[in-house]
Amino acid sequence: MKPVFALVGRPNVGKSTLFNRLTKSRDALVADFPGLTRDRKYGQGVLGTDNNEIERDYLVIDTGGLSGDDAGIDEYMANQTWLAVDEANTVLFMVDGREGLTPADHLVADRLRKAGKTVYLVVNKTDAVDPEQAKAEFYQLGFKDVFAIAAAHGRGVTSMIEKLLEKF
Ligand code: GDP
Ligand code: MG
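Residues numbered from 1 in each chain as written. Chains lettered and ligands numbered in written order. Predicted model: local features only at pLDDT ≥ 70, side-chain atom pairs only at ≥ 80, totals over all residues.

### A closer look at the overall build of the protein chain
Phase 1: Looking only at helices and strands, one finds 5 helices and 6 strands in the protein chain.
Phase 2: Each helix (α) and strand (β) of the protein chain, taken in turn from the N terminus, gives the series β-α-β-β-α-β-α-β-α-β-α.
Phase 3: The buried share among the 168 residues of the protein chain stands at 37%.
Phase 4: A separation of at least 24 residues holds for 65% of the contacts in the protein chain among residues at least 6 apart in sequence. (Helix = DSSP H or I, 4+ residues; strand = E, 2+ residues; numbered from the N terminus. Buried ≥ 20, exposed ≤ 12 C-beta atoms within 10 Å, placed from the backbone. Contact = placed C-beta atoms within 7 Å.)

See below:
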């Protein structure tokens, strides 16, 4: 089975930043305001060996984001996100380690549980905080595997991908 990772989470948690890092593209728009990626976006990720050979490849899907409330202006984005979840075999549920746990994160967590996919919790933006401490409060969302990364700087990203790919 080819690994297909969907990046899911509230707007602005760093999904497109991680997508760009994994696919080494500048395609996914990254911005300080939410909602720029409205459709889902596909990219190819590669895990290299020490001598720059391709060891594994996988697909990444960037999404516009979920606010927890699927109605109204967010409805289109939310629908696109759930389509991405359907297409994926693994969901990377991203949250913002600087901002901390929000009510919307709880709503997204509940919906993701019902989707019946393998979900890993990814606490992003842990560049200026202690990663272990940043992760702690997010365990209450109920996901067993929690990674701390800083997508903007790349910290924790490769080791996370290596661990995820071991499952395939
Ligand atoms: P998206 O809406 O989830 O796709 O979020 P973006 O990827 O567009 O990022 C939103 C903002 O968070 C941008 O200003 C990014 O530069 C910033 N950001 C993303 N990853 C990190 C990180 O690891 N650390 C910090 N400090 N900022 C980040
Ligand atoms: Mg985005």
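There is more to say after this.
### Quick look at the confidence of the model for the protein chain
Phase 1: Chain-level statistics for the protein chain give a pLDDT mean of 88 and a share of 84% at 70 or above.
Phase 2: Interface scoring of the predicted complex returns ipTM 0.99; its pTM is 0.91. (pLDDT = per-residue confidence, 0-100.)

### Points about unusual backbone geometry
Phase 1: The phi angle at Asn12 is positive, at roughly 80°, despite the residue not being glycine.
Phase 2: Locating Asn12 in the fold gives a position in the loop between strand S1 (4-9) and helix H1 (15-23).
Phase 3: Not every positive phi belongs to a glycine, and Lys125 is a case in point at roughly 65°.
Phase 4: Along the chain, Lys125 turns up in the loop between strand S5 (118-124) and helix H4 (131-136).

### Quick notes on the nonpolar core
Phase 1: Grouped together as the largest cluster of nonpolar side chains are 38 residues, with contacts concentrated most on Ala6, Leu7, Val8, Val91, Leu92, Phe93 and Met94.
Phase 2: Ranked by residues supplied to this core, first place goes to strand S4 (residues 90-96) with 5 residues.
Phase 3: Apart from the residues lying within four places of it in its own chain, the contact partners of Ala6 are Ile61, Thr63, Ala84, Val85, Ala88, Val91 and Leu92. (Core = buried A, V, L, I, M, F, W, Y, C linked by C-beta atoms within 7 Å.)

### Topic: helix H3 (residues 103-115)
An α-helical turn contains 3.6 residues, so a residue and the one three or four places further along point in the same direction.
Phase 1: Taking 1.5 Å per residue, 13 residues should reach 18 Å; H3 reaches 19 Å between its end C-alpha atoms and fits that length.
Phase 2: Considered for burial, the residues of H3 that qualify are Asp105, Val108, Ala109 and Leu112. Viewed end-on, H3 has its buried residues packed into an arc of 105°, placing them on one side of the element. Of the exposed residues in H3, the ones pointing more than 90 degrees away from its buried face are Pro103, Asp110 and Lys114. (Expected span 1.5 Å × (residues − 1). Arc of directions from axis to C-beta.)

### A look at the pairing of S5
Phase 1: The buried count for S5 comes to 5 of 7 residues, which makes it a mostly enclosed element.
Phase 2: As judged from the 7 bridges shared by S4 and S5, these two strands associate in the parallel manner. Its bridge partner lying in S5, Val95 is registered against Val123.
Phase 3: For the handedness criterion, the β-α-β arrangement of S4, H3 and S5 is classed as right-handed.
Phase 4: Where S5 meets strand S6 (residues 146-148), 3 bridges bridge the pair, whose relative direction is parallel. Bridge pairing in S6 places Val122 opposite Phe147.
Phase 5: Following the chain from S5 across H4 to the adjacent parallel S6, one finds a crossover that is right-handed. (Pairing = 2+ DSSP bridges. Right-handed = clockwise from strand over helix to strand, strands pointing away.)

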